[in-house]
Amino acid sequence: MEAEDAPESVTIDYLQDLYEGVEFDHLMHTDMYSCATCHHHTTGDSATDDSCIRCHANPETADDVSCSGCHDEKQTGKARTSDGSNNLYHIDKPSLKGALHLQCVGCHQSESGHTECLDCHAFTPAGEQRFKIKK
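Quick notes on the rules
Residue positions are counted from 1 within each chain, in the order its sequence is given. Thresholds applied to this predicted model are a pLDDT of at least 70 for local features of residues and 80 or more for the giving and counting of side-chain atom pairs; totals over whole chains, interfaces and linings are not thresholded and use all residues. Side-chain metrics in this entry use all non-hydrogen atoms of the structure; hydrogen atoms and water are not considered. Where helices and strands are cited, they refer to DSSP runs of H or I of at least four residues and of E of at least two residues respectively, numbered from the N terminus. Whenever two N or O atoms come within 3.5 Å, that pair is a polar contact, provided that in protein one can donate a hydrogen and the other can accept it, and provided that, for residues adjacent in sequence, both atoms are side-chain atoms. We call two residues in contact whenever any of their non-hydrogen atoms come within 4.5 Å of each other. Note on aromatic contacts: the rings of Phe and Tyr and the six-membered ring of Trp form a pair at centre separations within 6.5 Å, being stacked when their planes are under 30 degrees apart, edge-to-face when over 60 apart, and tilted otherwise. Working rule: Lys NZ or Arg CZ, within 6 Å of ring centre, within 35 degrees of ring normal, means a charge sits over the ring. Exposure is judged per residue with a 1.4 Å probe applied to protein chains only, and the accessible area is read against the type maximum: over 50% gives exposed, under 20% gives buried, and values in between give partly exposed.

Trainee: I'd like to hear about the side chain of His 39, residue by residue, with values.
Mentor: With respect to the helices and strands, the residue His 39 is situated in helix α2 (residues 35-39). Of note is the side chain of His 39, whose polar atom sits 2.8 Å from the backbone oxygen of Val 65. If we skip the residues at most four places from it in the chain, His 39 touches His 26 and Val 65.

Trainee: Kindly report on the packing of aromatic side chains, identifying the contributing residues and their values.
Mentor: One pass over the full model with this rule turns up three aromatic pairs. For the ring pair Phe 123 and Phe 131, a centre distance of 5.3 Å and an interplane angle of 35 degrees mean the geometry is tilted. An aromatic cluster is built from Tyr 19, Phe 123 and Phe 131, whose rings are joined through pairwise contacts. Here the guanidinium or amino end of Arg 130 rests over the ring plane of Phe 131, the centre of that ring lying 5.2 Å away.

Trainee: Explain the side chain of His 26 to me, and be specific about the residues and the numbers.
Mentor: Its location among the elements puts His 26 in helix α1 (residues 26-32). When its relative accessible area of 12% is taken as the criterion, His 26 is described as buried. Among the polar contacts listed, one links the side chain of His 26 to the backbone oxygen of Pro 7, at a separation of 2.9 Å. Ignoring sequence-local partners within four residues, the contact set of His 26 consists of Ala 6, Pro 7, Glu 8, Ser 9, Val 10 and His 39.

Structure follows, in structure tokens:
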């Protein structure tokens, strides 16, 4: 997959009951970073993490390259083995929310981007009620 084939923007809206969707400017980010920076090895680029390279040195493009294609909404805590041995992998894979926050906030911190919750997230009426936000 090439960056030119990617969508210009992506709506991240899996917590839509409490928060409005976050409009992610995908095009701007593809101009600044390689696909593997965020998508790890799912776009066919080599993995960048030494732990991942052991198995994903020459990956093929995955059918689903979205964050939710690999990261579950809830962390399952289940580790996997590639060959039935005790060589566990993906034992530290975060949930979808964790992955997004680790990736986005971590990068924004290092690049002096927005890091406050409400910089990206707007509450829905249910979110305002849940967090007792007064207008």
